[in-house]
Every structure is written in structure tokens, then in C-alpha cells.
Amino acid sequence: MPVYYGIKLKLHPQVYEPAEDTFLLAENLAVREGDLALDVGTGTGLIALLMARKAMFVLGVDINPLAVELARENARINGIKNVEFRLSNLFESVEGKFDVVTFNAPYLPGEPEEPIDLALVGGETGREVLDRFIGEVPAYLKPCGTVQIVQSSITGIEETLRNLEKVGLMGEIAARRHVFFEEIVLINAKPSDCV
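Residues numbered from 1 in each chain as written. Predicted model: local features only at pLDDT ≥ 70, side-chain atom pairs only at ≥ 80, totals over all residues. Heavy atoms only, no water.

Description of the state of the cysteines
Part 1: In the structure shown here, the tally under the stated rule is 1 disulfide.
Part 2: Each disulfide pairs two cysteine sulfurs, and for Cys 144 the partner residue is Cys 194, the sulfurs being separated by 1.9 Å. On the sign convention where negative means left-handed, the S-S torsion of about -80° between Cys 144 and Cys 194 marks this disulfide as left-handed. Within this pair, whereas Cys 144 is found in strand 7 (residues 141-152), its partner Cys 194 is found in the segment after strand 9 (182-191), the two being separated by 50 residues in sequence.
Part 3: Classification of Cys 144 as partly exposed rests on a relative accessible area of 38%. (Disulfide = S-S within 2.5 Å. Helix = DSSP H or I, 4+ residues; strand = E, 2+ residues; numbered from the N terminus. Buried < 20%, exposed > 50% of the residue type's maximum accessible area, 1.4 Å probe, protein only.)

Describing the sheet that holds strand 9
Part 1: Across the sheet, which stays open at both edges, the 7 strands sit in the order 5-4-3-6-7-9-8 with mixed pairing between neighbours. Single-partner strands in this sheet number two, and they are strand 5 (83-87) and strand 8 (169-179). The sheet shows a mean angle of 15° between the axes of neighbouring strands, taken without regard to direction.
Part 2: With 6 bridges connecting them, strand 6 (residues 98-104) and strand 7 associate as parallel partners. Residue pairing across strands places Phe 103 opposite Ile 149, the latter belonging to strand 7.
Part 3: Contacting strand 4 (57-62) and strand 5, helix 3 (residues 65-77) crosses the sheet at an angle of about 165° to strand 5. (Pairing = 2+ DSSP bridges. Axes fitted to C-alpha atoms, helices over the stretch in contact; angles between N-to-C directions. Contact = heavy atoms within 4.5 Å.)

Here's what the structure looks like:
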């Protein structure tokens, strides 16, 4: 069983396996002691489980039922109790407000055909899921909460920063990593009156 950052993970062929984009987020998490955190598109649950080390409570959601089951199993394997995993299409099954919301966005253009594609395919242009997330996330942020988005340069970083600004969030590139033919960036955003 592979171990990432001290967390043992069971993997599943239909659930996105942690990769460079996951690691970029894992190494730059904005979560602080006592925070309430939300991990959207939780996959194996790795990011949620890492945040649970500091956070008071973490909610991990995923649209893929196989991912939700796997993340629950991974929490059990690691004995992590302050985390809950739920089936949810972005924020559909989420209520409340959070100090930190993380999202490793799908970015390939196209339509998902099998469960694993939900982690990778972001709609016709590759941006649909990300743009919906940006439009909805402010309602789930505590005052001065932080949104952390991982995305590929393929999907248009400037467009993400502009769309964040439209909903009152100021984003900046907090970290970047070059992988093959693309750059993976981590964008941290906060309400404009908190910057």
C-alpha cells in the first residue's frame, strides 16, 4: 500500500491516483489549527486526510461514489476520525461555511465516460466545472476564508484569476510546477476585503 506524506492509501483504478497536481496542493495547504476545511473532488481522500492533521473538522466531497467509498476506507486505515466523506456534485450536499476550501479542478475538454473521467474532464471547454465552482464557492467561505485551486495552464490561468475577481475573490499564484507540456499552478484566493 503506497504511503504519501505519512498517509497510507488504498487506490482504485476508477479513482484519480495522487499525482503532481495533488502533491503541489499537499505541500502548500493553507489549513491552520482548528480550521473547518472542505475538500471538493476529494478522490482518494489524501488532501482531506492531510488537512485533518490540523483542522478541527474536514468534509471531503466527490461526484464519484467509488471515490467516496475509497476515501472513507482510507480514513479508517489511518485512524483519522475528524473527517467525513460525502457524495456531492461540487456543493450540492454541502452546508455551512469553511476556513479553507480546496479543489483540484478537472481540466480536460470533453464529456466524462467512466467514473475516473470525472476527475479529469471539466466539460466542453475544460473550464465548465471550474467556473461553476468559482461561481458557487463564495457562499461556503467564512469571512476571510481561503480558496485553494489547482489547475493546469491548459485551462487558462488568467481566466481563473479574472473569474475569481468577478465573485469578489482576489487570487494569486502561490506555487507552480512544470509537468510535461503544461504547468500546474496553485491559486490561493481570499475575499478582496481581506487581502
